[in-house]
Amino acid sequence: MTGDIRETKECQLKDPMDLFHSGQVVKVCAPMVRYSKLAFRTLVRKYSCDLCYTPMIVAADFVRSAKARDSEFTTNKGDHPLIVQFAAKEAQVLCDAARIVCPFADGIDLNCGCPQRWAISEGYGACLINKPELVKDMVRHVRSQIDNPKFSVSIKIRIHEDLKRTVDLCQKAEAAGVSWITVHGRSIEERHQPVHYDAIKIIKQSMSIPVVANGDIKTLKDAENVHHLTEADGIMVARGLLANPAMFAGYEETPFQCIQDWVDIALEHGTPFTCFHHHLMYMMERITSKQEKKVFNVLSSTSAVLDYLNDHYGV
């Protein structure tokens, strides 16, 4: 963390709220476990992504352990605006984590949407949508303890079966000073069911702060449709960007230049092989045949991958 972070102190941190006041729909790269790390954020920023999140970091571990800080959070001076997403269940722990990243990031996000069993059993993620007073308290604490007024504090949520409860949660968070709210339009139980974009629209109409829509957005056309359906101020994409990091720049599928850019960036950042390879598997999913996938997906070294790309695609 430190080597990269030292550079950041020299750069001008940005106010993410400026994006929401620009009159354009804000294009956002979601927090993705293992995937939305510095190298990938660097790639999507080259292709019209406005705002990037880190993967979710457990705030208590981050505060307690220098090792966790070094492995979980890396940034550099081009990596802005940047939101660090935390899993937390105690206001002071979230504040302490926010204070650590405040000099190097543009805001923090409280994860109130992760539906994974381990997160919920630990009191993190989506179970927080049922604890509006706690969410309000956490937002208010960070707001009062971070001196920088441009440092954003946002939350990412799922919806309740009874939408009135979600609106109540959002209004409480707004009253506590939350900067914007990202809404994944599914309930905790829903995984692959259709996204309730109508619910996101109702939440948007109930708020006077920006709302970001999330869920099942795979192409720029999807993003435009969801914007029209929900009236959201921003569109957050996860898997759609993994499959096509150039999606926000209007490409239907990953262009070869983007694959070349990923190779260059990943090698420069020393990206571990598994992560380097997995990203390429996602990017090439739509542009390779079944036979090619069989060969490419079992390659086991960086040099083998580079040889394959060079031989087959001139990358």
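Everything quoted here is computed from the prediction, not taken from an experiment.

(A) Quick look at helix α13 (residues 256-269). In this model, α13 (14 residues) spans 20 Å end to end at C-alpha, consistent with the 20 Å of a helix rising 1.5 Å per residue. Tucked inside the fold, the buried residues of α13 contact α3 (38-46), α14 (273-284) and α16 (302-313). Positive backbone phi, approximately 65°, marks Gly270, located one or two places after α13.

(B) Up close: the UniProt feature "domain: DUS-like FMN-binding" (unreviewed entry) in the protein chain. In this structure's numbering, the residues bearing the UniProt feature "domain: DUS-like FMN-binding" (unreviewed entry) are residues 29-292. Helix and strand shares over residues 29-292 are 45% and 14% respectively, and the end C-alpha atoms of the span are 29 Å apart.

(C) Representation of the domain arrangement of the protein chain within the structure. Here the domain parsing of the protein chain yields domain 1 (16-247) and domain 2 (256-313). The gap between the C-alpha centroids of domain 1 and domain 2 is 29 Å. At the interface, 16 residues of domain 1 touch 13 residues of domain 2. Considering only the side of domain 1, the residues that lose the most area to domain 2 are Tyr35, Ala39 and Leu43, jointly responsible for 36% of the buried surface there. The tally of links from domain 1 across to domain 2 stands at four residue pairs in polar contact (both at pLDDT 80 or more). Put simply, the parts of the chain that give the side of domain 1 that touches domain 2 at least two residues each are α3 and α12 (239-243). Element by element, the count of residues in the side of domain 1 that touches domain 2 is highest for α3, at six residues. Classifying every residue of the side of domain 1 that touches domain 2 gives ten nonpolar, three polar and three charged.

(D) Representation of the state of the cysteines within the structure. All chains considered together, the criterion is met by zero disulfides. The cysteine Cys52 is free of any disulfide, with Cys49 supplying the nearest cysteine sulfur at 4.0 Å. Residue class for Cys52 comes out buried when judged on its relative accessible area of 0%. Cysteine Cys127 shares no disulfide, and the gap to the nearest cysteine sulfur, in Cys112, comes to 8.8 Å.

(E) How the structure looks around the packing of aromatic side chains. Evaluated as defined, the whole model comprises nine aromatic pairs. Summarising the aromatic geometry, the rings of Tyr47 and Tyr251 are spaced 6.2 Å apart at their centres and angled 75° between planes, so their arrangement reads as edge-to-face. In this pair, Tyr47 sits in the loop between α3 and β2 (51-53) while Tyr251 sits in the loop between α12 and α13, placing the two residues 204 residues apart along the sequence. With a relative accessible area of 40%, Tyr251 lands in the partly exposed category. Ring-pair connections join several aromatic residues into one group, and the members of that group are Phe256, Phe296, Tyr308 and Tyr313.

About the criteria used
Residues numbered from 1 in each chain as written. Predicted model: local features only at pLDDT ≥ 70, side-chain atom pairs only at ≥ 80, totals over all residues. Heavy atoms only, no water. Helix = DSSP H or I, 4+ residues; strand = E, 2+ residues; numbered from the N terminus. Expected span 1.5 Å × (residues − 1). Contact = heavy atoms within 4.5 Å. UniProt positions renumbered as here; feature names shortened; annotations may be inferred. Domains from an automatic or database assignment. Buried area = accessible area lost by both parts, 1.4 Å probe. Polar contact = N/O pair within 3.5 Å; in protein donor to acceptor, adjacent residues only side chain to side chain. Nonpolar A, V, L, I, M, F, W, Y, C, P; charged D, E, K, R; others polar. Disulfide = S-S within 2.5 Å. Buried < 20%, exposed > 50% of the residue type's maximum accessible area, 1.4 Å probe, protein only. Phe/Tyr/Trp six-rings, centres within 6.5 Å; stacked < 30°, edge-to-face > 60°.

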